[in-house]
Amino acid sequence: MNDTNDRYYLYSFRRCPYAMRARMALFYSGIQVDIEEVDFKNKPARLLEMSPKGTVPVLCLHDGSVIDESLDIINWALNENDPEGWLDTDAAETQRLIQKNDGTFKKALDRYKYPNRYPDEDCSNARATGQKFLEDLNHRLTENSWLMGVRKTKADIAIFPFIRQFANTDREWFDALPLKALQNWLQKNLDSDLFQTIMKKDLTHLN
Ligand SMILES: N[C@@H](CCC(=O)N[C@@H](CS)C(=O)NCC(=O)O)C(=O)O
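Residue indices begin from 1 for each chain and proceed along its sequence in written order. Local features in this predicted model are restricted to residues of pLDDT 70 or higher, and side-chain atom pairs are both shown and tallied only at a pLDDT of 80 or more, whereas totals for entire chains, interfaces and linings draw on every residue. Hydrogen atoms and water are omitted, and side-chain values are computed over all heavy atoms in the structure.

Draft legend 1. View of the pattern of salt bridges. Any carboxyl oxygen of Asp or Glu that lies within 4 Å of a side-chain nitrogen of Lys or Arg is treated as forming a salt bridge with it. Tallying each qualifying case throughout the model produces 10 salt bridges. One salt bridge in this structure joins aspartate 136 and lysine 100, with 2.5 Å as the shortest N-O distance. One end of the pair, aspartate 136, is in helix α5 (residues 126-143); the other, lysine 100, is in helix α4 (residues 91-113), and 36 residues separate them in sequence. Three or more residues joined by partner-sharing salt bridges are found here, namely Glu93, Arg96 and Arg140. Numbering of helices and strands starts at the N terminus; helices are DSSP runs of H or I of at least 4 residues and strands are runs of E of at least 2.

Written out as structure tokens, the structure is:
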């Protein structure tokens, strides 16, 4: 692992769910990173040079290479150090669940939260589509307190920031859903030291 003079560099955005999950994995893994909060209206030239697609999170490694997909950052960090065994679970099932989150659910979330961005689409079903995924997760969480079983794993941190965003779109509606297990899981994640740490305002470094 790197020492304090040789920190990694992360381009991030505090409220981005992809950046949140990357920051959680990096913090958990004890990786020492300096963080730059990106202004989307004025993206740093170095960021665009390193990753022309211009999304965050982007992790810059010491050999000049970059990791510019949040799931790749998570996997890289957990492979460096995984003290509680977040990778020690059914990998195929984890991937299937995360794909569903990043695919159908994220698409529904965007259309539910920002229907104005999709003037040519009928977004009226977006909330109901998202709710189906919430129900799937609730079913899992009724059986066990974490998505993949009795312990927190990669799936929980990869998915939870998106459920947070969906819930916050209309908190009253979300809180009234008959999905107690999911609501408890969300609250537990929101209250965690891990999440509180990576959501600090003006965060300039981890570990
Ligand atoms: N697949 C990417 C998605 C990252 C992404 O879309 N991030 C958004 C912020 S939440 C972004 O950077 N958008 C750039 C922009 O809006 O200009 C990942 O997992 O890292």
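Draft legend 2. Seen up close, the side chain of arginine 23. Looking at the secondary structure, you find arginine 23 in helix α1 (residues 17-28). Here the term buried applies to any residue with accessible area under 20% of the maximum for its type, exposed to any over 50%, and partly exposed to those in between, with areas from a 1.4 Å probe on protein chains only. The convention is simple: Lys and Arg are positive, Asp and Glu are negative, and His and the chain ends are not counted. Among buried charged residues, arginine 23 stands out as having no salt bridge; its nearest opposite-charge side chain is glutamate 37, 5.5 Å away. Those residues in contact with arginine 23, other than ones at most four positions away along the chain, are Leu10, Ser12, Phe13, Arg14, Ile35, Ile198, Met199, Leu203 and Leu206. Residue contacts follow a heavy-atom distance rule, with two residues in contact if any of their heavy atoms lie within 4.5 Å.

Draft legend 3. Summary view of the packing of aromatic side chains. Here is the rule: rings of Phe, Tyr and Trp (six-membered ring for Trp) pair when centre to centre is within 6.5 Å. Planes less than 30 degrees apart are stacked, more than 60 are edge-to-face, and the remainder are tilted. The final tally for this structure, using the stated rule, is 12 aromatic pairs. Judged by centre distance (5.2 Å) and plane angle (75°), the rings of tyrosine 8 and tryptophan 76 are edge-to-face. One end of the pair, tyrosine 8, is in strand β1 (residues 8-12); the other, tryptophan 76, is in helix α3 (residues 70-80), with 68 residues separating them in the sequence. Classification of tyrosine 8 as buried rests on a relative accessible area of 10%. Pairing tyrosine 112 with phenylalanine 166 gives two aromatic rings, centres 4.8 Å apart and planes at 50°, and the pair type is tilted. With tyrosine 112 in helix α4 and phenylalanine 166 in helix α6 (residues 154-169), this pair connects stretches of sequence that are 54 residues apart. A positively charged side chain is recorded as over a ring if its NZ (Lys) or CZ (Arg) lies within 6 Å of the ring centre. The angle to the ring normal must also be within 35 degrees. Sitting over the face of the ring of tyrosine 118, arginine 111 holds its NZ or CZ atom 4.0 Å from the ring centroid. Above the plane of the ring of tyrosine 114 lies arginine 117, whose end atom (NZ or CZ) is 3.6 Å from the centre.

Draft legend 4. Spatial organisation of the site of the ligand. Near the ligand the following residues occur: Cys16, Tyr18, Phe40, Lys43, Gly54, Thr55, Val56, Pro57, Glu69 and Ser70. Here glutamate 69 contributes a side-chain N or O atom positioned 2.7 Å from a nitrogen atom of the ligand. Contact with the protein chains removes 70% of the 520 Å² of surface that the ligand exposes when unbound. Across the shell around the ligand, the residue classes tally to five nonpolar, three polar and two charged. Each residue is tested against the molecule or strand, and it is near if at least one of its non-hydrogen atoms lies within 4 Å. Residues adjacent in sequence count toward polar contacts only when both atoms are side-chain atoms; beyond that, a polar contact is any pair of N or O atoms within 3.5 Å, and within protein one must be able to donate a hydrogen and the other to accept it. All accessibility values rest on the Shrake-Rupley procedure with a 1.4 Å probe; residue burial counts only the protein chains present in the view. Classification used: nonpolar for Ala, Val, Leu, Ile, Met, Phe, Trp, Tyr, Cys and Pro, charged for Asp, Glu, Lys and Arg, polar for all others including Gly.

Draft legend 5. Structural detail: the sheet that holds β1. Across the sheet, five strands lie side by side as β4-β3-β1-β2-β5; this open sheet has mixed pairing. Edge positions in the sheet fall to β4 (66-67) and β5 (205-206), since each of these pairs with one other strand and no more. Strands pair, by our definition, only if DSSP identifies at least two bridges between them. Examined bridge by bridge, β1 and strand β3 (residues 58-60) share three bridges and lie antiparallel to one another. Note on β3: the bridge partner recorded for tyrosine 11 is valine 58.

Draft legend 6. Inspection of α3 at higher detail. Within α3, the full set of buried residues consists of Ser70, Ile73, Ile74, Trp76, Ala77 and Leu78. Lining the buried residues of α3 we find β1, α1, β3, β4 and α6.

Draft legend 7. Geometry of the nonpolar core. Nonpolar cores are built from buried Ala, Val, Leu, Ile, Met, Phe, Trp, Tyr and Cys residues. Side-chain atoms within 4.5 Å join them into one set. Judged by nonpolar contacts, the single largest core of 57 residues is most densely connected at Leu26, Leu59 and Trp185. Top element by residues in this core is α6. It accounts for nine residues. Apart from the residues lying within four places of it in its own chain, the contact partners of tryptophan 185 are Leu141, Ser145, Trp146, Leu147, Asp156, Ile159, Phe160 and Ile163. Counting residues in each nonpolar core, the second largest holds nine residues, with Ala19, Val38, Leu47 and Val58 among its members.

Draft legend 8. Unusual backbone geometry, seen in detail. Put simply, valine 56 and proline 57 share a cis peptide bond, and its omega is 5°. If you trace the backbone, proline 57 turns up in the loop between α2 (45-50) and β3. Unlike most non-glycine residues, aspartate 202 shows phi in positive territory, near 55°. Relative to the assigned elements, aspartate 202 resides in the loop between α9 (193-198) and β5. Of note, asparagine 207 is a non-glycine position whose phi angle comes to about 60°, a positive value. Looking at the element boundaries, asparagine 207 is found in the segment after β5.

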